[in-house]
Amino acid sequence: MDRQVDVVVVGGGSTGCGVVRDLARRGLDTVLVEKGNLTHGTTGRMHGLLHSGGRYAVSDQKSAKECIEENMVLRDIAAHCVEETGGLFVKRPEDSEEYFQEKLEGCKACDIPVEVIDGEEARRREPYLARDVEKAIALPDGAVDPFRLCVSNAADAREHGARIETHAPVTDVLVEDGEVVGVEIEHETGPGKRVHHEPGTTEEIRARHVVNATGAWAGNVGGMAGVDVEVRPSKGVMTVMNTRQVDTVINRCRPKGDADIIVPHETACILGTTDEEVDDPEDYPEEDWEVDLMIETLSELVPALEDARTLRSFWGVRPLYEPPGTGTEDPTDITRDYFLLDHGDRDDLPGMTTIVGGKLTTYRMMAESISDHVCEALGYEATCDTADAPLPGSESEARMAELMDEFGLRSPVARRSGQRLGSRADDVLDEYDPNPIVCNCESVTRAEVQDAIGEAGSDLNAVRLRTRASMGNCQGGFCTHRIAAELAEEYPEPVVRDAEDELYQERWKGQRHALWGEQLSQAMLNHLLHATTMNRDGDPASLDGEVDFGAFDAGPESPDAADTDESGSAGTAAADGGRADDDAATDGGR
Amino acid sequence: MTRHTEDDDAGDANGANDRSGDREGGRENPGRGGCGCGEPAPGVPQAGRDEQPSVFVTDGGDVPEADVTDDRDAARTGGESTADRAATDGGVESASGGTESATGGTDSAELDPEAYDPVDVFPGGDLDLREGADSCYKCTSCDTSCPVAEVDDEFPGPKFQGPEQWRLKRKEDHDIDESITSCSNCMRCDDACPSSVPLSQMHNEARGQYVERQMEKLSVEYIRNRILANYRTSASLASMFPRTASFAMNFGPARWAMEKVMGIPKERDFPEFATETFREWWKARGGANVENSDKRVAYFHGCYSNYNTPEVGKALVSVYEHFGYEVMVPPQKCSGTPMFANGMLKDARRHAETNVENLVEAIGEGADVIASCTSCSLSLRQEYPELFDLHGIEDLAEHTFEALEYLRIHENLEGELDAAGGLDDERAFAYHAPCHARNQGLSRQAVETFRDVDGVRMEDVGDSCSGISGTYGWKEEKYEKSMEIGAEMFEHMEDAEGEVGMTECPTCAMQMEHGTGYEIEHPLQLLEEALDA
Ligand SMILES: Cc1cc2nc3c(=O)[nH]c(=O)nc-3n(C[C@H](O)[C@H](O)[C@H](O)COP(=O)(O)OP(=O)(O)OC[C@H]3O[C@@H](n4cnc5c(N)ncnc54)[C@H](O)[C@@H]3O)c2cc1C
Ligand code: SF4
Ligand code: SF4
């Protein structure tokens, strides 16, 4: 394993995926390593706003200009990841008129196309807006799916010869003779992880250059190389509603503050957010007041939120960075700009560059600038084409009507699969016939789940991110086992069970912050169903043992099987409450 | 354009030329426009979703009044202001005055954006029912109770059709899965849901949008469905020549042609038309025999008791007069049940305008509204307020009852029946509770009323669906499924002791008769007999 590659990119967030795509397309031999699945970090825990730049039009016009430029680029190259929802900055009576005007001027100065509409027109477009919203600025905000975006970038990189290694944390940065020469990674073992490399082994990847794109974790990886990277992680909460109360992005038009934005995302709406500095990007308190604040404050804009069903909440950490010595007190004042740290210039340690800060919206631009930098460092000449080359899946609109006919999908199902799969829809759907729906809430069919398994292996959370399966009303209560069953043909039983557990736990984690009203009932129903049918309430200490399937279904191994009617009750499950009298002896009342 | 009702069949409103015909003229009064948004008439209680602001109200609390005279203008400006919208909206269409609404014009959407209920306004004034998906726990009770899903493998069932399909919907897309046309609108799912998901409202609205936007308007299916939905129109024609019509419609070659050309199954017999309609009888009788300003009911007879089974209507009148009620028979059109089931919401709304207006007026005069058909009462009580925002519609819903239910609430039926001493000759009945009765909690009322009456033996044939569901069983492609659904009921009827069937619903009665050859009666007829009324 001593082969040397050109570049190792550490971190599979939007930044890392963008960089690896760019470098691979330029012809460099590149590896991406990520400790979790793609979007494991901040990218998987963000708001999904495709910024028009409006949010920064007053405070940070450089960022605003970058946003509007990249916003337009992504609509072109990543059509299947973007929903062109449009956005509004709305003003309530108590919000400052002066600021409204400043915002308007700011947008114009940054070339963001705007239109001022009165409250009546705003409500015509978004009927659930509060009656006392006075007016609004309409601009081209959008919604972006970070998972699909990263996966498409990685897929394109792979098509151009890159290697994508997930579930492989960097455990050390190799420094020789005052120069970074590669990284050491560990192939993880454990439940649900992609069975890919030999679990538990380590591997050294030697490279001519290392790009540290680990966002909020950049300090850790920097530390492995012995350099200081001062990232100030700042957490933010996002609360997911069950349905879309609005179909456009709604921003509150006021200087800065918590809980000022609602983004429609797929079937849901996401409320956000807060901004609080934390010490450790892995371990910080998730507090209830943050969730309450979202619902209370945003109800001022959309009163219906108050009584609407909340599915779950999640938190992300911003990788905010400021050059040493700036000393800003309030994290909301730290710039949203990105920084490229050349450790050769900065710390006398050539061979590594760190990129931190920025936004998902501008990921491609960041990737371009760091790729330019890396090429320069390597003395390599190539031009960047990522602003023009469409990402896989976005080349052409999915042919919705034909999909329905050809693959026998019902129309909302076809439409949603078409949106998720983009131009790959044909190939994916072609694989399965019949093609039943596996996740009802989000209308995800077997073909899509199998396609995702093909890409992500037995990691069902990665399957979830690709397909949205288990992300609806029931939060997996009615489908985790069905999704897991799709693994059964290829993977051994313990892998399948662990994968299911992991997905089920992940779904539960987010719901803990929505345990009132409808979602509380749902969670309880889910729990009891899983408890009665899958022993989910069993003593954890005794759950690890082998499952004695014979005890459940009176199969051929069961001692009673001999006198059981062969065709009839042989498949009766224990959970039937002892209905089948033949089985009474074997089900043992468990 | 906004959907203002052109009253193309105003002239044939029931009662246009009888005693109460002068009420018709009332609709021409200024301020009582057909759109139902005018000044309430004196004595008409104010209620209704149209008057209740359901969204955030400013601190001042004043909601601008909808300007009645200006609605057309408002609609026009609405259309204009949306025409030149920013290119930034991603092509999302907003509610504009220029598109038609499948709901039949929630006019207030165009009237005044300050006053409308957000539920009313997907583009074109369609209802946005995505919110209803919030209540769904995926428990699947609805699917389990759906009679169509049980026999039709192609039908995805109410959970998909209702909460799931709605949750997946986007403002700008109009595709509704075509399977919505396989739902018979029996509303059993609505009744089964433990969590009050508005399933039937979701189905009705989706079906309306589907028919409005996606169904080929000149297709035989559309025309056939429209004819079935507008049973009242055909029936009123047929009843001018009742004998010829009854014969001609069931005449072999004609039936063959109907199946081939129109998709109406030849196995079905068209119901017979009465030689004298209920309203003709009522008029000849000189109207009510009892006057009593303290006890008044307005009878919504619906189409079937008027044209086909006037004996049910007559039984109702004699029973109610027996208890000292003044019976009013206001002008009325179809309750809309068959129109909902076929997605013809525009038609239903047009008829609803007449019904609501006249019945609300009767309520203003102190009456409660009673119906002898359980689908009619369900429609007035539940589907009307769910789908339309006519003035007074909530009030009507609150004041509507099924006829037997009403007596059981207000009279000592048991005592009266006891005193009357029962029937002279013993009779046995096989009783089927219509799905729509179940939905109103009335599935046991007939059995409970008669079980202690001497000489009456009443057996409930179980809780299955009869399978006809109004117009469902009248479609050739659904005929076999309809009979498959009904099989359980037929079997139980055969098994029951009685050789006479009993039910409140006229189409269930057709199916019961069709499947068993039994004669079918309405509980009111038995009540009349038992009370010697
Ligand atoms: C609450 C919130 C809302 C936001 N909303 C928006 C928005 O609406 N629009 C927008 O444009 N931007 C938004 N952002 C900003 C945006 O999400 C981030 O700027 C962007 O996702 C950062 O991506 P990244 O790739 O730099 O970092 P990350 O996504 O964090 O990627 C870093 C990756 O490195 C991996 N890693 C860490 N350590 C190691 C290791 N030792 N070995 C291997 N891998 C490692 C991590 O697992 C992670 O996957 C939001 C941020 C937050 C916090
Ligand atoms: S209304 Fe009846 S037929 Fe339609 S989905 Fe509900 S239960 Fe099924
Ligand atoms: S019965 Fe109600 S809660 Fe249960 S699945 Fe059906 S709609 Fe959802």
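The rules behind these values
Residue numbering note: each chain is counted from 1, following its sequence as written. Whichever chain is written first becomes A and whichever ligand is written first becomes 1, with later ones labelled in order. The predicted origin of the model limits local features to residues at a pLDDT of at least 70 and limits the giving and counting of side-chain atom pairs to 80 or more, whereas totals for whole chains, interfaces and linings rest on all residues. Based on all heavy atoms of the structure, the side-chain values leave hydrogens and waters out of the count. UniProt positions are given in the numbering used here, feature names are shortened, and annotations may be inferred rather than shown by experiment. Runs of H or I in DSSP of at least four residues are treated as helices and runs of E of at least two as strands, each being numbered from the N terminus. Two strands qualify as a pair provided that DSSP identifies no fewer than 2 bridges between them. Axes here refer to lines fitted to C-alpha atoms; in helices the fit is confined to the stretch in contact. Angles between the N-to-C directions go from 0 to 180 degrees. We call two residues contacting when some pair of their heavy atoms lies within 4.5 Å. The cut-offs for exposure are 20% and 50% of the maximum accessible area for each residue type, with area from a 1.4 Å probe on protein chains only; residues under the lower value are buried, those over the upper are exposed, and the others partly exposed. We call a residue near a molecule or strand whenever a single non-hydrogen atom of that residue lies within 4 Å of it. Polar here means any residue outside two lists: the nonpolar Ala, Val, Leu, Ile, Met, Phe, Trp, Tyr, Cys and Pro, and the charged Asp, Glu, Lys and Arg; Gly therefore counts as polar.

1. A word on the UniProt feature "domain: BFD-like [2Fe-2S]-binding" (unreviewed entry) in chain A
- In this structure's numbering, the residues bearing the UniProt feature "domain: BFD-like [2Fe-2S]-binding" (unreviewed entry) are residues 437–488 of chain A.
- Segment residues 437–488 of chain A splits into 48% helix and 10% strand. End C-alpha atoms: 17 Å apart.

2. Regarding the sheet that holds strand 3 (residues 367–371) of chain B
All names here are of chain B.
- Judged by pairing direction, the sheet is parallel, and its 4 strands sit side by side in the order 2-1-3-4 without closing on themselves. Edge strands, defined here as strands with exactly one partner in the open sheet, are strand 2 (326–328) and strand 4 (400–402). Taken over all neighbouring pairs, the strand axes of this sheet differ in orientation by 35° on average, direction set aside.
- Pairing analysis gives 3 bridges linking strand 1 (residues 296–300) to strand 2, with the strands arranged parallel. Among the inter-strand pairings, Ala-298 is bridged to a residue of strand 2, identified as Met-328.
- Seen against the sheet, helix 20 (residues 403–410) touches strand 1, strand 3 and strand 4 and runs at an angle of roughly 100° to strand 4.

3. A few points about the pairing of strand 12 (residues 202–212) of chain A
Residues and elements named next belong to chain A.
- Within strand 12, 8 of the 11 residues are buried, which leaves it mostly tucked inside the rest of the structure.
- Examined bridge by bridge, strand 1 (residues 4–10) and strand 12 share 6 bridges and lie parallel to one another. Looking across to strand 12, one finds that Val-8 is bridged to Val-210.
- The sheet contact formed by strand 11 (residues 179–186) and strand 12 spans 5 bridges and is antiparallel. By the bridge assignment, Ile-185 is partnered in strand 12 with Glu-203.
- Examined bridge by bridge, strand 12 and strand 20 (residues 352–357) share 3 bridges and lie parallel to one another. Its bridge partner being in strand 20, Asn-212 is matched across the sheet by Thr-354.

4. Regarding the sheet that holds strand 7 (residues 500–502) of chain B
All names here are of chain B.
- Pairing is parallel across the open sheet formed by 4 strands, whose spatial order is 6-5-7-8. The sheet is open, and its two edges are formed by strand 6 (456–460) and strand 8 (519–521), each paired on a single side. Strand-to-strand twist of the sheet, defined as the mean angle between neighbouring strand axes without regard to direction, takes the value 35°.
- Taken together, the 3 bridges between strand 7 and strand 8 define a ladder with parallel strand orientation. Bridge assignment links Gly-501 to a residue of strand 8, and that residue is Ile-520.
- Relative to the sheet, helix 26 (residues 523–531) contacts strand 5 (427–431), strand 6, strand 7 and strand 8, its axis offset from that of strand 8 by approximately 75°.

5. Looking at the site of ligand 2
Residue and element names in this part refer to chain B.
- Neighbouring ligand 2 are 14 residues; Cys-146, Cys-183, Cys-186, Met-187 and Cys-189 lie closest to it.
- Looking at the shell around ligand 2, the elements that each hand over two or more residues are helix 5 (147–151), helix 6 (158–168) and helix 7 (188–192).
- Per-class residue counts for the shell around ligand 2 are 9 nonpolar, 4 polar and 1 charged.

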